[in-house]
Amino acid sequence: MRNLTTVLCASVLAASLLAGCVGVQPATQAAAPPPPGGDASALTVVAEVALKRGDCRAASEAYAHGAAVAADVQLARRATQVAMACEHLPAAWAAATRWRALAPGDREADALYAAVALKLYHTSEARAAIHDFWRAEEHANSASAALTKPTQPDAAAGKGPAPAPEATPAAPRAAQRTAKSMTELTALLLEESDAPAVLMAISGALEPTANSPDTLTLLGELALAAYDGERAAGYAQQALQRDPKDPAALRVLARAYVVRGDAPQAVATARQAKAHDGTRGGFELAEVLASLDRNEEAHQELEHLRTSGAPAAEIDRRLALLAT
C-alpha cells in the first residue's frame, strides 16, 4: 500500500508541489488565455512553459483546461498540485474535481479535493471526500490485515501445535493504520484551513460510525486545536469507555479540562494517566500543571521524574521551557 505519510505530510507535500516550479510566484498577475482548441498535450506544453517563466496563473489554468479535456488521471493530479502550489483556487478546484471524478477511490485525490474544498468553504463537499478517504483507508487496511493473517494449524485435529497469539491482532493493527492515515489527512487540512473548519468537516464525516479509541482521540485532539473543550472532553470520554487506560485519551481529557477552566479535574485526570504510566503520565502531569501556571509544582514533578530514571534530555528541555 502506498505510504500516505509521503503523500499527505504537509512539509513533504509542499516540497513535492513546488519541485520544478522554482521562481514561481502565487497567481496574482493577469492570465494568458489558453490556446484555442482542446488539445491536452498542447495545453501541457503551454503550462510547463508558463511555469518556467514564472507565470503561475497561466500555468494553473492551462493545466486545469488540459485536465478537463483529457481523461488522464496523472494530468489531473499534476494540474491539482500545480494550482494548489500556485494558490490558484478556481483552477485547483476544477482540477481536483476532475481528478476525483476520474479516480474514484483514490485516497490522494480525496485528500487534496477536501483540502481545496475547505479553502473555498465548501464544507459539505469536503466532508464527503473525507468520508470517502476514511472508508477507502478502512477497506484497504482491513484487506491487508486479512491477507497477512497467518494460517493457524488445527491443533485439535492433530495437524500441529497452535501458534502463539499475535502480540497485536490484525484488526486492531488495521484500525491503528487507518487512524494514522486520518491523522496525516488532518495535518494536511490544518495546513490549508483553520481548526474549527477542519473539525466541522472531519467530525461530520466520521462521527456517525467512529468507534475506535484512536479515531475518537483524533477528533478530541482536533477539538482541542479548535479550543472546543466540551467536545474534546466528550470524544475523550467515549474513547475511555472503550479503553479506560488509553494514555492519549487521558491526555486529551486532561487538556480539555484545562480549556474549560476546570483545574481540579485537569490535575486529577493527569494524575490518573501517571498512575497508568509513570513516565509518560508524569510528563503529562507536569505539562498540565504548567498550563495552569503552577510552574513550581511542574518543576517539582519534572525533578521527580529525573530521580525515577526518565530521559534527562526531555526533562531539561521542559525545564528550559518553564524558565522562559
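Everything below is about the structure printed above this text.
All residue numbers refer to position in the chain's written sequence, counted from 1. Per-residue local features are limited, in this predicted model, to residues with pLDDT of at least 70; the limit for side-chain atom pairs, both in listing and counting, is 80 or more; totals at the level of whole chains, interfaces and linings are taken over all residues. For side-chain calculations, the full set of non-hydrogen atoms in the structure is used, while hydrogens and water are omitted.

### A few points about the packing of helix α4 (residues 56-69) against helix α5 (residues 73-85)
Phase 1: α5 packs onto α4 with a crossing angle of 155° between their chain directions and a minimal axis gap of 9 Å. When the axes of α4 and α5 are compared, the pair comes out roughly antiparallel. Seen along the crossing, α4 lies across α5 with a hand that is left-handed. Counting all contacts with α4, which are made through S60, Y63, A64, G66 and A67, the residues of α5 involved are L75, A76, R78, A79, V82 and A83.
Phase 2: Nonpolar residues are Ala, Val, Leu, Ile, Met, Phe, Trp, Tyr, Cys and Pro. Charged residues are Asp, Glu, Lys and Arg, and all others, Gly as well, are polar. Along the lines of polarity and charge, the residues of the contact of α4 with α5 split into eight nonpolar, two polar and one charged. Convention adopted: a line fitted to C-alpha atoms gives each axis, helices being fitted over their contacting stretch, and angles between N-to-C directions are expressed from 0 to 180 degrees. A helix here means a DSSP run of H or I that spans at least four residues, while a strand means a run of E at least two residues long, and both kinds are numbered starting from the N terminus. These descriptions rest on fixed angle ranges, namely under 35 degrees for roughly parallel, over 145 for roughly antiparallel, 65 to 115 for roughly perpendicular, and the rest for oblique. Left-handed describes a crossing whose near helix is turned anticlockwise from the far helix through less than a right angle; right-handed describes the clockwise counterpart. By definition in these notes, contact holds between two residues if any of their heavy atoms fall within 4.5 Å.

### Considerations on the environment of E184
Phase 1: Position of E184 among the secondary structure elements: in helix α9 (residues 170-192).
Phase 2: Assessed through its relative accessible area of 11%, E184 is described here as buried.
Phase 3: Taking the C-alpha atoms as reference points, E184 and A111, separated by 73 residues in sequence, lie 9.8 Å from one another. Burial here depends on accessible area, computed with a 1.4 Å probe over protein chains only, as a share of the maximum for the residue type. Under 20% is buried, over 50% is exposed, and the range in between is partly exposed.

### Let's talk about the side chain of E301
Phase 1: Considering the arrangement of structural elements, one finds E301 in helix α16 (residues 295-307).
Phase 2: Overall, the relative accessible area of 8% leaves E301 in the buried class.
Phase 3: In this structure E301 touches K274, G282, L285 and A286, once residues within four positions along its chain are discounted.

### Side note on the packing of aromatic side chains
Phase 1: Pairs were defined over the aromatic rings of Phe, Tyr and Trp, the Trp ring being its six-membered one, requiring ring centres within 6.5 Å. Orientation was assigned from the angle between planes: stacked under 30 degrees, edge-to-face over 60, tilted for the rest. Taken as a whole and assessed by the stated rule, the structure comprises one aromatic pair.
Phase 2: Between the NZ or CZ atom of R135 and the centre of the ring of W134, over which it lies, the distance is 4.8 Å. Counting as a charge over the ring demands two things of the Lys NZ or Arg CZ atom: a distance within 6 Å of the ring centre and an angle within 35 degrees of the ring normal.

### Let's talk about the environment of A195
Phase 1: By the secondary structure assignment, A195 is in helix α10 (residues 195-206).
Phase 2: Remark: the alpha-carbon pair of A195 and Y227, spanning 32 residues in sequence, is separated by 8.7 Å.
Phase 3: When residues no more than four places from it in sequence are discounted, the contact partners of A195 are L190, L222, A225 and A226.

### Points about the state of the cysteines
Phase 1: The definition used for a disulfide is geometric: two cysteine sulfur atoms within 2.5 Å. A complete count under the given rule lists one disulfide for this structure.
Phase 2: A sulfur-sulfur separation of 1.9 Å characterises the disulfide bridge that pairs C56 with C86. Measuring handedness by torsion sign, the sulfur bridge of C56 and C86 sits at about -85° and is left-handed. Of the two residues, C56 sits in helix α4 while C86 sits in the loop between α5 and α6 (89-102), which places them 30 residues apart along the sequence.
Phase 3: Assessed through its relative accessible area of 1%, C86 is described here as buried.

### Here we look at α10
One full turn of an α-helix is made of 3.6 residues, so residues set three or four places apart face in the same direction.
Phase 1: Working rule for helices: expected span equals 1.5 Å times residues minus one. When the terminal C-alpha atoms of α10 are compared, their 16 Å separation across 12 residues agrees well with the 16 Å that a helix rising 1.5 Å per residue should span.
Phase 2: Burial in α10 covers these residues: A195, V198, L199, A201, I202, S203, A205 and L206.
Phase 3: Between a side-chain oxygen at the N-terminus of α10 and the backbone nitrogen of A197 the separation is 3.0 Å; the capping residue is D194. The definition of a polar contact used here is a pair of N or O atoms within 3.5 Å, where within protein one atom must be able to donate a hydrogen and the other to accept one, and adjacent residues in sequence count solely through side-chain atom pairs.

### With respect to the pattern of salt bridges
Phase 1: By salt bridge we mean one thing: a side-chain nitrogen of Lys or Arg within 4 Å of a carboxyl oxygen of Asp or Glu. In this structure the tally under the stated criterion is 23 salt bridges.
Phase 2: Across the salt bridge formed by E301 and K274, the nearest N and O atoms sit 2.8 Å from each other. In this pair, E301 is assigned in helix α16 and K274 in helix α14 (residues 263-276), connecting sequence segments 27 residues apart.
Phase 3: Among the salt bridges present, the one from R318 reaches E287, with a minimum N-O distance of 2.9 Å. Residue R318 is found in helix α17 (residues 312-323), and its partner E287 is found in helix α15 (residues 278-291); the two are separated by 31 residues along the sequence.
Phase 4: Taken together, the salt bridges that share partners define one network made up of E221, R251, R255, E284, E287, E314, R317 and R318.

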